[in-house]
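Observations on the three-dimensional arrangement
So the chains spell out like this:
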Protein chains: 2
Amino acid sequence: MVDEKPLRADARRNRARVLDAASAVFAEHGTAASTEQIARAAGVGPGTVFRHFPTKEDLLTAVYLDRLEHLAAQAGELATAPEPTAALRGFFRGAVEGSAAKNALAQALAGAGISPADAASGIGARLRAALGVLLERAQRDGGVRPELTVTDLMSLLIGASRATEPLAADPAARDRVVTVILDGLSASR
Amino acid sequence: MVDEKPLRADARRNRARVLDAASAVFAEHGTAASTEQIARAAGVGPGTVFRHFPTKEDLLTAVYLDRLEHLAAQAGELATAPEPTAALRGFFRGAVEGSAAKNALAQALAGAGISPADAASGIGARLRAALGVLLERAQRDGGVRPELTVTDLMSLLIGASRATEPLAADPAARDRVVTVILDGLSASR
DNA sequence: CGACAAACGGAGTGATCAGTCCGTATAGTC
DNA sequence: GACTATACGGACTGATCACTCCGTTTGTCG
């Protein structure tokens, strides 16, 4: 389905630069930031941005997928951790923490994969699967209420990210908020 | 500081219409919706929209304040409820539920009042105060962990709204997610 | 009812921005 | 080092949108 011709060295470099710049600019100025702004931040011309990402939406999607891939990789690594409940909690905290700085994680999650429609395809599915393993193991371990689904978990991740977004300046508050959610995850009394 | 001249009857009517339409359109199409679209929805000319709200931002702010006022009123009513913990939980559920339909509550909250800077002024302060009462009573009642602040609570409200945003189609899932957060609110085991 | 101020509708305007195009430059190859 | 395909920069374009302006309408008050 994919027939990736090898990109020229400069092309590959510029693509990465644009992606990084877009990630940063979107995070700081919101997704309404202009393409030209991103081009400037990346040190390339506007044309180059559009060559690699024909549409602004393509660029946004690429940024999101990048984030999701990181998350999926992290989740994957924890799939065989000795303490499933601690693993899930750690992952959750880490994901929220990480997204506090570059706050678009929530949008990334929300944009790519919650709705059943696209949940079946691509990276979204990978993340979903990896989270599913973490969740199920933690549930078997008795550390997470059994009725929760992967979608529930993803929703809570989104919620936690969004909730802590304005709290960037107050790590203690952020910690309290995440703790509330994590404690809520565990089996009810 | 305010010198409200009495508006003409039609002006007052149109202002309300525009506000309602804006609320609906923003909720459905996001805040990027054009002013003309709102004018059409309200059944007025674009000029009228701008006469009442000189800037698009003014319009957005007005919509937000409207929402916050409703919330503050609801919270105020519960200030003397016989069962403080149940009152807080009920308020929380209601707020999230309500925002599921017109999903901009989260932005409303986020936009107007989390940061200490503007927390001191206007409606944001009213809501904050009303929530403070609810929270403190529930904490005294032993139903909510004592270390949480009003800001924490507001953050969690935002988080819950955002988290359940994509779950509009699945009330059961929404319920599970909110329950997780509410149970997390209660004093830890 | 008549007169005046207040408000209305909607055509018009300038700015912004996503996306295109092409002459120039550079990486890869022999 | 020369040749070619690939990629680059940035001027350009068309569309969209926030906001303005003014001739017309409508509420209000004596």
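This text goes with the structure placed above it.
An account of the accompanying structure is given in this report. In this text, all values refer to a predicted model and were calculated from it rather than measured experimentally.

Reading the values: rules and limits
- Residues numbered from 1 in each chain as written.
- Chains lettered and ligands numbered in written order.
- Predicted model: local features only at pLDDT ≥ 70, side-chain atom pairs only at ≥ 80, totals over all residues.
- Heavy atoms only, no water.
- Near = heavy atom within 4 Å.
- Polar contact = N/O pair within 3.5 Å; in protein donor to acceptor, adjacent residues only side chain to side chain.
- Helix = DSSP H or I, 4+ residues; strand = E, 2+ residues; numbered from the N terminus.
- Nonpolar A, V, L, I, M, F, W, Y, C, P; charged D, E, K, R; others polar.
- Least-squares fit on C-alpha atoms with pLDDT ≥ 70 in both.
- Contact = heavy atoms within 4.5 Å.
- Axes fitted to C-alpha atoms, helices over the stretch in contact; angles between N-to-C directions.
- Parallel < 35°, antiparallel > 145°, perpendicular 65-115°, else oblique.
- Left-handed = near helix turned anticlockwise from the far one by under 90°.

To continue, consider the protein's contact with DNA strand C. Near DNA strand C lie 22 residues; those nearest to it are A:K56, B:R8, B:N14, B:T48 and B:R51. Taking all atoms of DNA strand C within 4 Å of the protein, the share assigned to sugar and phosphate is 67%. The separation between a phosphate oxygen of DNA strand C and a polar side-chain atom of B:R51 is 2.5 Å. Examining the composition of the surface near DNA strand C, we find that five residues originate from one element, helix α3 (residues 46–52) of chain B, more than from any other. Counted by class, the surface near DNA strand C contains seven nonpolar, nine polar and six charged residues.

Here the focus is the relation of the copies chain A and chain B. Note on the copies: chain A fits chain B at an RMSD of 0.1 Å, the axial shift is 0.1 Å, and the rotation between them is 180 degrees. Look at the turn and shift together and you get a two-fold axis relating the two. Here 100% of the interface residues in chain A have copies in chain B that are interface residues too; the copies meet face to matching face.

What follows deals with the packing of helix α4 (residues 56–77) of chain A against helix α8 (residues 122–140) of chain A. Residue and element names in this part refer to chain A. Put simply, α4 and α8 touch, their axes get as near as 9 Å, and they point 25 degrees apart. Taken together, α4 and α8 sit at an angle that is classed as roughly parallel. As α4 runs across α8, the sense of the crossing is left-handed. Contacts from L65, L68, E69, L71, A72, A75 and G76 of α4 reach α8 at I123, R126, L127, A130 and L134.

Moving on: the protein's contact with DNA strand D. Taken together, 22 residues lie near DNA strand D, and A:R8, A:N14, A:T48, A:R51 and B:K56 sit nearest. Atoms of DNA strand D within 4 Å of the protein: sugar and phosphate make up 69%, bases the balance. At 3.4 Å, a backbone N or O of A:G47 approaches a base nitrogen of DNA strand D. A distance of 3.3 Å separates a phosphate oxygen of DNA strand D from a polar backbone atom of B:A9. Counting only elements with at least two residues in the surface near DNA strand D, the list comes to α1 (9–29) and α3 (46–52) of chain A together with α1 (9–29) of chain B. Looking at the surface near DNA strand D, the element that brings in the most residues is α3(A), giving five residues. Its residues assigned to classes, the surface near DNA strand D comprises seven nonpolar, nine polar and six charged.

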